[in-house]
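Fold and contact review
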Amino acid sequence: MPERTSGESSKIIKTNKKKSKGINRDDVFITGSIDIPFLALTIALLTIGLVMLFSASYPYAYYNNDHDSYYYFTRQFIFTIIGLVAMFVMSKINYKWLKVAVIPLLAVTILLLLVVLFYHTTVGGADGSDFKRWIPLPGGFTFQPSDLAKFTIILTFASYISDYYGKMRNFKYGILYPLGIIAVFCGLIFLEHHMSCTILMFLIGATLMFVGGSDWKLFAFGVAVLILIIFVVVTFPEMLENYAGDRIKAWLEKDFEPTGSRWQTNNSLYAIGSGGLFGAGLGNSKQKYLYVSEPQNDFIFSIVCEELGFVGAALIILLFGALVVRGFVIAARCHDKFGALMIIGVVSQIGIQVGFNIMVVTDTIPNTGIALPFFSYGGTAMMMLLFEIGVVLSVSRKASQKKV
């Protein structure tokens, strides 16, 4: 066997170092076909969402933004274009590079979650609560760190579980450390007076813990404790801060402050009820004319129900369901735990948000102020969501699946 020169040996050592973490540093872009059904479902929901955003928002925009009926739609359209560019760029980048970015992204996210507590837009509740959720930016724009935190916790858990998968049944690695990560995120977001996102972050983390192999007995015990806490909070809502406690009271007592805490929910129910089977027709909602408060945001689904009826709303729910199911199919066909866990985290986030939003709008649970993906107005949320879709599409290129 011929001897290698020192130069050849040096090249081999460098090559091995490049691949030491399971990725070649020269392999920045990824080849293969993206999952067409997942992309098609995304585009369908995005298109319907933009149409419904304009329909739901133009009276409110006209009244509150110097007679500019296109205010919310125009801004959301710009955010969507930026998000689509990010989605397609991310779909071409090797998703394994995200693992390299876990620690820096985690540090930046925690820093932003701390910054927003001291530097934020002045948004107050009826009870005087200060919602510390948005960092003001030039040009009248804002940035919501909690939207970045949703992806950061998914990426953090995907990286952690893929590294310690064999130890996830151990209490320290499978329960204690993951709960510590969740506690940091949930604690900081709770200080923003953002209860809905606090709950969402907990559920995303818990979902990935369960899928990642945490001891199901300890996990079941944790769920039982959580149910007990929910029961106590619902029974004694005064334990929570004023805004959260009042929302629980408004949910339990249907005649509680009809022109205050119940106003938005009551008008949401009027909108859903008047939609009937086939709806009043696109653009024909009456409740969006300053009855449903800020119909472009969390309660946009009530306008969807009023204009498109039960049939239209059910079809949209089916599209969301198909998107989540298709995501799990891609994850199941992925041989890389890191990639599969990221997909599960992304589609779980979407599924949980959709479920919570619809339950809030229909008064099934207290008003938590949670957005409907692809529909509700919000630049940070839209751009981050489409970036996450790009991550799923990047992983789908590597998944061993039949080309469709």
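Residues numbered from 1 in each chain as written. Predicted model: local features only at pLDDT ≥ 70, side-chain atom pairs only at ≥ 80, totals over all residues. Heavy atoms only, no water.

1. Details of the overall build of the protein
For clarity, the cut-off: Under the scheme used here, helices are H or I runs from DSSP no shorter than 4 residues and strands are E runs no shorter than 2 residues, and both carry numbers assigned from the N terminus. Residue burial is assigned from relative accessible area. The probe radius is 1.4 Å, only protein chains are included, and a residue is buried under 20% of its type maximum, exposed over 50%, and partly exposed in between. Any pair of residues with heavy atoms lying within 4.5 Å of one another is described as a contacting pair. To measure how exposed things are, a 1.4 Å probe is used in the Shrake-Rupley method; for residues, cover is taken only from the protein chains shown.
Tallying secondary structure elements over the protein gives 14 helices and two strands in all. With 404 residues in all, the protein has 47% of them scored as buried. A sequence separation of at least 24 residues applies to 73% of the contacts in the protein between residues at least 6 apart. Entry remark: accessible area of the protein is about 19,400 Å², with carbon and sulfur atoms responsible for 67%.

2. What to know about the layout of surface pockets
Any empty space left between the atoms is revealed when a probe the size of a water molecule rolls over them. Note the following rule: Of the two site types, the cavity is a set of points on a 1 Å grid over the protein atoms alone where a 1.4 Å probe fits but cannot get out, and the pocket is an open set with protein on both sides within 12 Å along at least five of seven lines, each lined by residues with an atom within 4 Å of a point. Grid points are joined across faces, edges and corners, and a volume is the space filled by probe spheres set on the points.
Its volume calculated, the second largest pocket comes out at about 1,100 Å³. As for the second largest pocket, its lining consists of 36 residues, and the residues nearest its centre are I199, F202, L226, I229 and I230. When residues of the lining of the second largest pocket are traced back to their parent elements, those giving at least two are α7 (171-190), α8 (195-212), α9 (216-235), α10 (242-252) and α13 (337-361). The element that contributes the greatest number of residues to the lining of the second largest pocket is α9, accounting for eleven residues.

3. Notes on the side chain of D215
The test is simple: As used throughout, the charge tally considers Lys and Arg to be positive and Asp and Glu to be negative, leaving His and the chain termini uncounted. Whenever Lys or Arg places a side-chain nitrogen within 4 Å of a carboxyl oxygen from Asp or Glu, that contact is recorded as a salt bridge.
Among the secondary structure elements, D215 is positioned in the loop between α8 and α9. Salt bridges are absent for the buried D215, whose nearest opposite-charge side chain, R169, sits at 4.0 Å. Setting aside residues up to four positions removed in sequence, D215 forms contacts with M168 and R169.

4. Examining the pattern of salt bridges
Two side chains carrying opposite charge are able to pair once their charged atoms lie near each other. A complete count under the given rule lists five salt bridges for this structure. D35 is the partner of R326 in a salt bridge, and the nearest nitrogen-oxygen pair spans 2.7 Å. Pair noted here: R326 is in helix α12 (residues 300-332) and D35 is in the loop between α1 (6-18) and α2 (36-64), with a separation of 291 residues, a long-range link. The burial state of R326 is the same as that of D35; both residues are buried. Between R262 and D363 there is a salt bridge whose closest N-O contact spans 3.1 Å. Residue R262 is located in the loop between α10 and α11 (263-275), and its partner D363 is located in the loop between α13 and α14 (379-398); the two are separated by 101 residues in the primary sequence. Each member of the pair, R262 as well as D363, is classed as buried.

5. Digging into the environment of P373
Inspection of the secondary structure assignment puts P373 in the loop between α13 and α14. Along the primary structure P373 and N357 are separated by 16 residues, whereas in three dimensions their C-alpha atoms are 9.2 Å apart. In this structure P373 touches F320, I350, Q353, V354 and L385, once residues within four positions along its chain are discounted.

6. Here's the deal with α13
Quick reminder of the rule: The length a helix should cover is 1.5 Å for every residue beyond the first.
Given a rise of 1.5 Å per residue, 25 residues ought to cover 36 Å, and the 36 Å separating the end C-alpha atoms of α13 matches this to within 8%. The buried count for α13 comes to 21 of 25 residues, which makes it a mostly enclosed element. A positive backbone phi angle near 65° is found at D363, which sits one or two residues after α13.

7. Overview of the nonpolar core
To keep it simple, the criterion reads: Residue types Ala, Val, Leu, Ile, Met, Phe, Trp, Tyr and Cys, when buried and joined through side-chain atoms within 4.5 Å, form a set referred to as a nonpolar core.
One finds F320, M342, F374 and F375 to be the most contacted residues of the largest nonpolar core, which totals 95 residues. Counting residues per element, this core draws most heavily on α13, which supplies 15 residues. Residues within four places of F375 in sequence aside, it is in contact with L45, I48, G49, M52, L53, Q296, I300, V304, I316 and F320.

8. Regarding the confidence of the model for the protein
One rule of thumb: low pLDDT means the predicted coordinates there are not for detailed reading. We count it as follows: Per residue, pLDDT captures the predictor's confidence, and it can take any value from 0 to 100.
With 88% of its residues at a pLDDT of 70 or more, the protein has an overall mean of 86. When the criterion is pLDDT under 50, residues 8-21 qualifies, and its contacts beyond four places in sequence or with other chains add up to eight contacts.

9. Remarks on the packing of aromatic side chains
Our working definition: Two rings belonging to Phe, Tyr or Trp (six-membered ring only in the last case) form a pair when the distance between their centres is within 6.5 Å. Interplanar angles under 30 degrees mark stacking, angles over 60 mark edge-to-face geometry, and anything in between is tilted. Charges are assigned to positions over rings by a cutoff of 6 Å between ring centre and Lys NZ or Arg CZ, combined with an angular limit of 35 degrees from the ring normal.
Across all of its chains, the model carries 15 aromatic pairs by this definition. When the centroid spacing of 5.9 Å and the interplanar angle of 75° are considered together, the rings of F79 and F141 count as edge-to-face. Linking F79 in helix α3 (residues 71-92) with F141 in the loop between β1 (135-136) and β2 (142-143), this pair joins segments that are 62 residues apart in sequence. Judged by its relative accessible area of 32%, F141 falls in the partly exposed class. For the ring pair Y164 and Y173, a centre distance of 5.3 Å and an interplane angle of 25° mean the geometry is stacked. On the basis of relative accessibility, which here comes to 32%, the residue Y164 falls in the partly exposed class. Just above the ring of Y173 sits the side chain of K167; from NZ or CZ to the centre is 4.7 Å. Between the NZ or CZ atom of K337 and the centre of the ring of Y165, over which it lies, the distance is 4.6 Å.

10. Describing the packing of α7 against α8
Which entries qualify depends on this criterion: Angles shown run from 0 to 180 degrees and are taken between the N-to-C directions of axes, each axis being a line fitted to C-alpha atoms and, for helices, limited to the stretch in contact. Convention used here: angles under 35 degrees read as roughly parallel, angles over 145 as roughly antiparallel, angles from 65 to 115 as roughly perpendicular, and any remaining angle as oblique. Each crossing is labelled by how the near helix is turned from the far one, with a counterclockwise turn of less than a right angle marking it left-handed and a clockwise turn marking it right-handed.
Across the interface, α7 lies against α8 with an axial gap of 9 Å and an inter-helix angle of 165°. By the angle between their directions, the pair α7 and α8 is classed as roughly antiparallel. Here α7 and α8 pass one another in a crossing that is right-handed. Contact residues: α7 offers G174, I175, P178, L179, I182, F185, C186, I189 and F190, while α8 offers M195, C197, T198, M201, F202, G205, A206 and M209.

11. Things to note about the packing of α2 against α14
The criterion, for reference: Lys, Arg, Asp and Glu make up the charged group, whereas Ala, Val, Leu, Ile, Met, Phe, Trp, Tyr, Cys and Pro make up the nonpolar group; the residues left over, Gly among them, are polar.
Where α2 contacts α14, the axes come no closer than 11 Å and their chain directions differ by 165°. In terms of orientation, α2 lies roughly antiparallel with respect to α14. Here α2 runs over α14; the crossing is left-handed. Listed contacts from α14 to F38, L39, T42 and L46 of α2 are M382, L386, I389, V392 and L393. Across the contact of α2 with α14, the residue classes break down as eight nonpolar, one polar and no charged.

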